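# What the coordinates show
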Amino acid sequence: LQPLNYRLPHLPTKPPSFLGPSFLNITAAPGTTVVLPCRVLNIGSASLSWLRRPQLTVLSSGNTLFSSSPRLRLLHFEGSPDWTLQIGPLVTEDNGTYECQVNTEPKQSQTVQLNVMTGSQLSDQESKDPGPALALQGDSSMPRLQKTEILALTP
């Protein structure tokens, strides 16, 4: 017996791959909005999920966000390699480790450590230079489309 697709040619496909660092550390103040970036090339038929560690809380799978909180948004549109998780306004309970993962074998993932500053850290920060500048730009013709660009990074 032969499988039904024995006559179909084998189509080589590239496996999914992440762009950017495998670990990112983001520090922000309570009340601000952050974007946790995740960019995947050649996702194909694989599925992408955002998880919160260490509890392994599934925040999203594919285009579906599993949260009733209006503070969380998944920023993705068809054909885009970006699967950005937006959280805001931040509260101290958002502090923690977030993982963007693709369901390949073996599993591939990127980790983002989100540090929400406390009161004493905020007063220390006021005397320092500002951190990375992020711009969120929405397209008024499409209410759910949001473009995220990193304009400047300072060490």
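Everything discussed here concerns the structure shown above.
A brief report on the enclosed structure follows. (Residues numbered from 1 in each chain as written. Predicted model: local features only at pLDDT ≥ 70, side-chain atom pairs only at ≥ 80, totals over all residues. Heavy atoms only, no water.)

In this section: the overall build of the chain. Looking only at helices and strands, the chain has one helix and 13 strands in total. Helices and strands appear in the chain in the N-to-C order β-β-β-β-β-β-β-β-β-β-β-α-β-β. Put simply, the chain has 155 residues, and 32% of those count as buried. Relative to all contacts within the chain whose residues are 6 or more apart in sequence, the contacts with residues 24 or more apart total 55%. (Helix = DSSP H or I, 4+ residues; strand = E, 2+ residues; numbered from the N terminus. Buried < 20%, exposed > 50% of the residue type's maximum accessible area, 1.4 Å probe, protein only. Contact = heavy atoms within 4.5 Å.)

Applying the stated criterion across every chain, the model contains four salt bridges. Look at the salt bridges and you will find they share partners, linking Arg53, Glu99 and Lys107 into a network. (Salt bridge = Lys/Arg side-chain N within 4 Å of Asp/Glu carboxyl O.)

Quick look at the sheet that holds strand S7 (residues 64-65) now. The strands that make up a sheet pair up through hydrogen bonds in the backbone, lying either parallel or antiparallel. Taken together, the six strands give an open sheet; going across it, the order is S2-S11-S10-S5-S6-S7, and neighbouring strands pair in mixed fashion. Across the chains shown, the open sheet's two edge strands, defined by having one partner strand only, are strand S2 (23-28) and S7. With two bridges connecting them, strand S6 (residues 57-61) and S7 associate as antiparallel partners. Paired with Ser61 across the bridge in S7 is Thr64. (Pairing = 2+ DSSP bridges.)

A few words now on the nonpolar core. Membership of the largest hydrophobic core comes to 24 residues, with the highest contact counts inside it found for Leu36, Leu48, Trp50 and Ile87. Going through the elements one at a time, S2, strand S3 (34-36), strand S5 (48-53), strand S8 (72-75), strand S9 (84-87), strand S10 (96-102) and strand S11 (108-116) are the ones with two or more residues in this core. Those residues in contact with Leu36 that sit more than four places away from it in its chain are Ile26, Trp50, Trp83, Thr84, Leu85, Ile87, Tyr98 and Val112. (Core = buried A, V, L, I, M, F, W, Y, C linked by side-chain atoms within 4.5 Å.)

Let's shift gears to the side chain of Gln113. Along the chain, Gln113 turns up in strand S11. A distance of 3.3 Å separates the side chain of Gln113 from the backbone oxygen of Gly96, its partner in a polar contact. Excluding its chain neighbours within four sequence positions, the residues that come into contact with Gln113 are Phe23, Leu24, Asn25, Ile26, Gly96 and Thr97. (Polar contact = N/O pair within 3.5 Å; in protein donor to acceptor, adjacent residues only side chain to side chain.)

Relative to the assigned elements, Ile26 resides in strand S2. Taking C-alpha positions, Ile26 is 6.1 Å from Asn115, a pair spaced 89 residues apart along the chain. Apart from the residues lying within four places of it in its own chain, the contact partners of Ile26 are Val34, Val35, Leu36, Pro37, Val112, Gln113, Leu114 and Asn115.

So, on to the sheet that holds S3. One open sheet accounts for three strands, arranged S3-S9-S8; its pairing is antiparallel. Strands at the two margins of the open sheet, each flanked by one partner only, are S3 and S8. Here the strands of the sheet are splayed against their neighbours by 25 degrees on average, with no regard to which way each runs. Pairing of S3 with S9, which is carried by three bridges, proceeds in the antiparallel orientation. Bridge assignment links Val34 to a residue of S9, and that residue is Ile87. (Axes fitted to C-alpha atoms, helices over the stretch in contact; angles between N-to-C directions.)

Summarising the sheet, S5 and S6 pair through four bridges and their orientation is antiparallel. Residue pairing across strands places Arg52 opposite Thr57, the latter belonging to S6. Linking S5 back to S6 in an antiparallel pair, the connection comprises three residues, with Leu56 at a positive phi of about 60 degrees. What sits between S6 and S7 in their antiparallel hairpin is a turn of two residues, with Gly62 showing a positive phi close to 60 degrees.

Take it as geometry only, folks, not as evidence of what the structure does.
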